[in-house]
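Below, each chain spelled out in residue letters.
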Amino acid sequence: MPPYGSEPESGSRGRDFALTAAVLFVAFGAVYLPPTTQGRISSTLQVSALRPFIAMQSLLTDAGTRRVRIEALQATLDSVSAAMSTHQAVANENETLRELLALQERAGPTYRPATVHRPGTPGSESTFLVNVGSRDGIRAGAPVVSPTGLVGVIRETRTGNSVGIDWTHPDFRPSAMLADGSAYGLIESRRGAFREGDRLVLNGIPFHEPVDSGQAVLTSGLGGIFPRGIPIGTVLSVAEEEGTWRKAYYLDPIAEPAAATHVLVLASDSGDDASQAWDQDTVGVAPPGSNER
Amino acid sequence: MNELDVRTVLLWIVVVLLFVVHFSLHIGFSYGRGAPDLLTLGLLIAARETSLGRASVLGLSTGLLEDAMSVLAFGANSIAMTLVAVGGAITRDLFVGDSRHFLPAYVFVGKWTRDLVHWIGMGSEVRQPFVEQVVLQGAIGSVYVAGIALVMSWVLGAWGEA
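Conventions we followed
- Residues numbered from 1 in each chain as written.
- Chains lettered and ligands numbered in written order.
- Predicted model: local features only at pLDDT ≥ 70, side-chain atom pairs only at ≥ 80, totals over all residues.
- Pairing = 2+ DSSP bridges.
- Helix = DSSP H or I, 4+ residues; strand = E, 2+ residues; numbered from the N terminus.
- Axes fitted to C-alpha atoms, helices over the stretch in contact; angles between N-to-C directions.
- Contact = placed C-beta atoms within 7 Å.
- Nonpolar A, V, L, I, M, F, W, Y, C, P; charged D, E, K, R; others polar.
- Buried ≥ 20, exposed ≤ 12 C-beta atoms within 10 Å, placed from the backbone.

Visitor: It is not clear to me how the sheet that holds strand β7 (residues 184-190) of chain A should be interpreted in this structure. Could you clarify?
Guide: Strands pair in a sheet through their backbones, by hydrogen bonds, and they do so in one of two ways: parallel or antiparallel. Residue and element names in this part refer to chain A. Strand order in the closed barrel made by the six strands is β6-β7-β8-β11-β10-β9, with antiparallel pairing throughout. Strand-to-strand twist in this sheet, taken as the mean axis angle between neighbours without regard to direction, amounts to 45°. When β7 meets strand β8 (residues 199-206), the two strands line up antiparallel, connected through five bridges. Bridge pairing links I187 to L202 in β8.

Visitor: What is the right way to read the interface of chain A and chain B from this model?
Guide: How big an interface is tends to be expressed through the accessible area that disappears when the partners come together. Listed as interface residues are 30 residues of chain A and, on the opposing side, 41 residues of chain B. Only α1 (13-31), α2 (35-47) and α3 (51-107) of chain A provide two or more residues apiece to the side of chain A that touches chain B. Within the side of chain A that touches chain B, the residues separate by chemical class into 22 nonpolar, seven polar and one charged.

Visitor: Please clarify how helix α2 (residues 38-47) of chain B should be interpreted in this entry.
Guide: Each α-helix winds once per 3.6 residues, and so residues spaced three or four apart point in a common direction. Within α2 of chain B, ten of the ten residues are buried, which leaves it mostly tucked inside the rest of the structure. When α2 of chain B is considered as a whole, its buried residues turn out to be L38, L39, T40, L41, G42, L43, L44, I45, A46 and A47 of chain B.

Visitor: Help me understand the sheet that holds strand β4 (residues 150-157) of chain A in this model?
Guide: Residue and element names in this part refer to chain A. The six strands lie next to each other as β1-β2-β5-β4-β3-β12, forming a closed barrel whose pairing is antiparallel. Between one strand and the next, the sheet's axes are offset by a mean angle of 40°, whatever the strand orientation. Bridging between strand β3 (residues 143-145) and strand β12 (residues 262-266) involves two bridges; their strand directions are antiparallel. In the strand pairing of β12, V145 is matched with L264. Sitting on the sheet, α3 touches β1 (111-117) and β12, and the angle it makes with β12 is about 20°.

So, in structure tokens, the structure goes:
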């Protein structure tokens, strides 16, 4: 703090004392003013000298209120976003379950609904667990189907669950046929350079049998493991030819194993024809054995 | 302007700034007791720079501004600030005040006196217990303002020497 200055250049001492006395009188008198007068003085000062500070307070209060409102809106938006993000998955699952219920009604009570779990551990590729087992009547070799078609087959059953393989597994070998029943063959999975490169192949088709691209391929029911008529896929192109007696075709699989979260598993012998369980319009062909083609 | 005039102008600028910051903190930002009583600090500094009469007018003015926001005890601040201003102006005749320790001590006593007079002027139906409002809150508030005065004297002293 700098040193204080010299004597102020005020007037006479007497005048100074008189002014001070008058001010003190006013100050003490302010306490005894009528409340209305006190209020009037307060109002005058509030709308004049103190107005900028009161305006600042209003601005800050409004800003604080807006901030709280924005935070509340942000929280609401976050909740809605979270709900929306899960809504699509729930809606998809709901749709799958509805389709599965419809499929079960068509296929009959011998198909058990099940939930698919994938272990996700190294070496467990192409295998899955379903939460139905021997106590539900599930046996090894039972087909696993989704509303779109054949997903895989059960390999092992336990009391409460079972282990299955999907069509990407090398051991997946159901007998198959073209949807019009004109040719029969064997389905096999061929490993690609990477998992997404795995291909489904219909092998053993007679060389001179005409097979068009887009033709549907169904289970043939031969061998007694898979009922006849479960959609497997559609023909894409020729995979290989052997001499002049055999051809193999790449298939576009109709069921996506990774997307199959809810499936039906055949619990017991349901007869040898399951073709009526699938909507043939979605398969793209008339049911096998029908005379429409 | 000579050096004395410059110093006086700068000092009044500091006083006005203290008044503005005080009302900004107390009314604008609504900090309440968390903000220091810079109005009393500014008044105590100004009181030693002007005559007794002008100091009392300044005290009454600042007191009325405080009272404008005080519904239940109108006038208590006017009395307290006027008396503090008069007391501050009188101290110039009693103390030279060239010691670095003078300003904090002067501000401490001035602020505490202001709280004491304000407590008395409020009236028994409004005021809090003496120990709580004057002894505890008054002492803490006085130390707070005296600390600010100490920092200010260092800053302004260093600035003046530069």
